[in-house]
Amino acid sequence: MKILPSEITPRRFHLQRRTLLAAALPVALPVALPGAALAQALPASRSGLPGALLMEPPTRKQDATSYNNFYEFGTEKDEPVRQAQRLRTRPWTVSVEGEVLKPRVFGIEDLLKLAPMEERIYRLRCVEGWSMVIPWIGYSLSALLRQVEPTGKAKFVEFVTLADREQMPGLRSGVLDWPYVEALRLDEALHPLTLLSFGMYGELLPKQNGAPLRLVVPWKYGFKSGKSLVRIRLTDKMPTPSWVAANPREYGFFSNVNPQVDHPRWSQASERRIGEDAGNFGGLFAKRRPTLMFNGYAEQVASMYAGMDLRRFF
Ligand code: MTE
């Protein structure tokens with residue numbers, strides 16, 4: 001792997017950051033979070049798929065697992081890591097249904113064995129203007145969809161995630177209609193880069209990152225990747241994702257990363273890589289990098305949108 005010298009955070013920044021953090025905290029950080037599940041190894045081989053292994057240094061695991069969006073556990077970035085530890089991820093089932101010849105309810109243990117696990121290093125770009133580089137583990141969603149045999153009428157795939165008031169304190173808030181729903185066009189769902197992920201950084205997914213399984217669609221904004229999936233439904237009509245229902249002016253069905261189409265509140269032209277603002281006065285002078293068309297995966301995915309007006313279908 002080739003790492004540009006400019007991309008390595010100088011050691012003094014790490015040290016400085018630690019000092020800053022220590023100064024800001026009233027008490028010493030515990031070694032492990034109370035109640036945090038012990039990480040379990042998830043063996044995987046490196047993906048051979050074109051575009052699946054980004055040659056950029058991964059975001060520090062500590063950052064990727066403590067700065068999260070998972071509104072079922074609170075809307076602040078530091079809430080999911082604390083609140084999600086109460087999520088029960090066993091037993092767990094995922095129903096795959098709708099326009100399919102063989103609808104089926106899969107147990108999580110069967111899903112873990114359904115196809116060989118691959119490690120894929122993807123860029124995750126959040127619509128809020130930050131990004132991370134994460135070594136995910138999983139297999140193409142197409143491996144699961146093939147098992148249920150989509151009918152000729154299937155045009156879209158809807159992803160429904162867990163909504164359990166007892167385990168998820170965020171459900172008391174009305175920020176979104178629960179359950180959290182996302183959706184893709186069938187060709188997007190069948191694209192080999194679309195990942196059904198069970199792990200990251202060599203281990204099973206931490207709960208705050210969407211255990212026991214989530215979606216990762218690397219050329220779309222992060223919110224397309226639904227966490228803690230319970231139902232996958234193939235349909236003939238375009239489903240309404242939760243974010244589109246909440247604010248159709250700000251969020252569209254496709255949500256492809258596009259530096260030329262700004263979100264009404266956030267520019268999409270550039271992004272801040274999480275972890276790189278270390279030591280830079282809380283990110284005030286943090287380096288921003290240009291956001292790439294389709295998040296850098298244009299070569300693999302642009303043909304799916306040939307002829308489409310991407311300003312209209314955002
Ligand atoms: N899935 C569910 N169920 N609930 C959520 O609030 N947030 C989304 C997405 N998946 C979300 C979700 C958003 S806005 C982003 S940016 C990514 O998860 C964040 O994933 P990460 O915390 O693993 O980086």
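Residues numbered from 1 in each chain as written. Predicted model: local features only at pLDDT ≥ 70, side-chain atom pairs only at ≥ 80, totals over all residues. Heavy atoms only, no water.

Undergrad: What should I look at first to understand the site of the ligand in this one?
TA: Taken together, 15 residues lie near the ligand, and Tyr71, Glu72, Arg214, Ser225 and Lys227 sit nearest. One nitrogen or oxygen atom from the side chain of Arg214 is found 2.7 Å from an oxygen atom belonging to the ligand. Grouping the constituent residues of the shell around the ligand by class yields five nonpolar, seven polar and three charged. (Near = heavy atom within 4 Å. Polar contact = N/O pair within 3.5 Å; in protein donor to acceptor, adjacent residues only side chain to side chain. Nonpolar A, V, L, I, M, F, W, Y, C, P; charged D, E, K, R; others polar.)

Undergrad: Mind showing me how you'd approach the sheet that holds strand β11 (residues 229-235) here?
TA: Sheet strands associate in pairs through backbone hydrogen bonding, adopting either a parallel or an antiparallel arrangement. Pairing in this open sheet of five strands is mixed, and the strands run β3-β2-β11-β6-β7 from one edge to the other. Looking at which strands have only one partner, the edges of the open sheet turn out to be β3 (104-107) and β7 (181-185). Averaged over all pairs of adjacent strands, the angle between strand axes in this sheet comes to 15 degrees, irrespective of strand direction. Taken together, the five bridges between strand β6 (residues 156-161) and β7 define a ladder with antiparallel strand orientation. When the sheet's bridge partners are listed, Val157 is paired in β7 with Leu184. (Pairing = 2+ DSSP bridges. Helix = DSSP H or I, 4+ residues; strand = E, 2+ residues; numbered from the N terminus. Axes fitted to C-alpha atoms, helices over the stretch in contact; angles between N-to-C directions.)

Undergrad: Where do I start with the pattern of salt bridges in this structure?
TA: If you walk through the whole model with that rule in mind, you get 22 salt bridges. A salt bridge links Arg46 to Glu119; the nearest nitrogen and oxygen atoms lie 3.5 Å apart. On the criterion of sequence distance, the pair formed by Arg46 in strand β1 (residues 45-46) and Glu119 in strand β4 (residues 118-125) is long-range, its members being 73 residues apart. Note that Arg265 is salt-bridged to Glu250, the shortest N-O span being 2.6 Å. Of this pair, Arg265 sits in the loop between α7 (242-246) and β12 (270-273) while Glu250 sits in the loop between α7 and β12, and the two are 15 residues apart along the sequence. (Salt bridge = Lys/Arg side-chain N within 4 Å of Asp/Glu carboxyl O.)

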